[in-house]
Amino acid sequence: MANLEKLYQNVASQIIQKCHGAIQLKKHGKIIEVYDVKRHFWSKGLAGLIIKDQCKNANLKDWEISHVRTFLIKELQSSK
């Protein structure tokens, strides 16, 4: 189980690096938003697509996306 947690942590770190710091939490850590450079606004849907894409690149299953999302939230909260 510890190996999976490390994998989820690594994928969450990759997501933050991919967003170049343009990622934030809203509404008490429930909604993740990413700044869309093309449209110049904060997008909720774009965050979900980036998370899903990075999980697919790491060969994770669909049900593991929620685990990565919780590690991503923890990582963003600790960086505040």
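Scroll up to find the structure this text is about.
All residue numbers here refer to positions counted from 1 along the written sequence of the relevant chain. With pLDDT at 70 or above as the cut-off, local features in this predicted model cover only qualifying residues; side-chain atom pairs require 80 or more to be listed or tallied, and sums for whole chains, interfaces and linings still use all residues. Side-chain measures here rest on the full set of heavy atoms in the structure, leaving out hydrogens and waters.

Peer 1: Even after reading the chapter, I still don't get the nonpolar core, so can you show me in this structure?
Peer 2: In globular proteins that are soluble, nonpolar side chains generally tend to be buried together. What we call a nonpolar core is a set of buried Ala, Val, Leu, Ile, Met, Phe, Trp, Tyr and Cys residues that are connected through their side-chain atoms within 4.5 Å. With a 1.4 Å probe rolled over the protein chains alone, any residue whose accessible area is under 20% of its type maximum counts as buried; one over 50% counts as exposed, and the rest are partly exposed. Core analysis: the biggest nonpolar cluster contains 20 residues, and I15, I23, I32, I51, C55, V68 and L72 have the highest contact counts within it. The set of elements that each furnish at least two residues to this core consists of helix 1 (2-18), strand 1 (23-26), strand 2 (31-36), helix 2 (44-57) and helix 3 (65-79). By the criteria applied, helices consist of DSSP H or I runs no shorter than four residues and strands consist of E runs no shorter than two, each listed in order from the N terminus. Sorting elements by how many residues they give to this core places helix 3 first, with 6 residues.

Peer 1: Is there a simple way to explain the sheet that holds strand 1 in this structure?
Peer 2: One key point about sheets: their strands pair by backbone hydrogen bonds, in either a parallel or an antiparallel sense. Here, a strand pair is defined by DSSP locating no fewer than two bridges between the strands. Reading across the sheet, the 3 strands line up as 1-2-3 and stay open at both edges, with antiparallel pairing between neighbours. The sheet is open, and its two edges are formed by strand 1 and strand 3 (41-43), each paired on a single side. If you compare each strand with its neighbour and ignore which way they point, the axes differ by 40° on average. As judged from the 3 bridges shared by strand 2 and strand 3, these two strands associate in the antiparallel manner. Paired with V34 across the strands is S43, a residue of strand 3. Helix axes are fitted to C-alpha atoms over the stretch in contact, other axes to C-alpha atoms as well, and angles between N-to-C directions run from 0 to 180 degrees.

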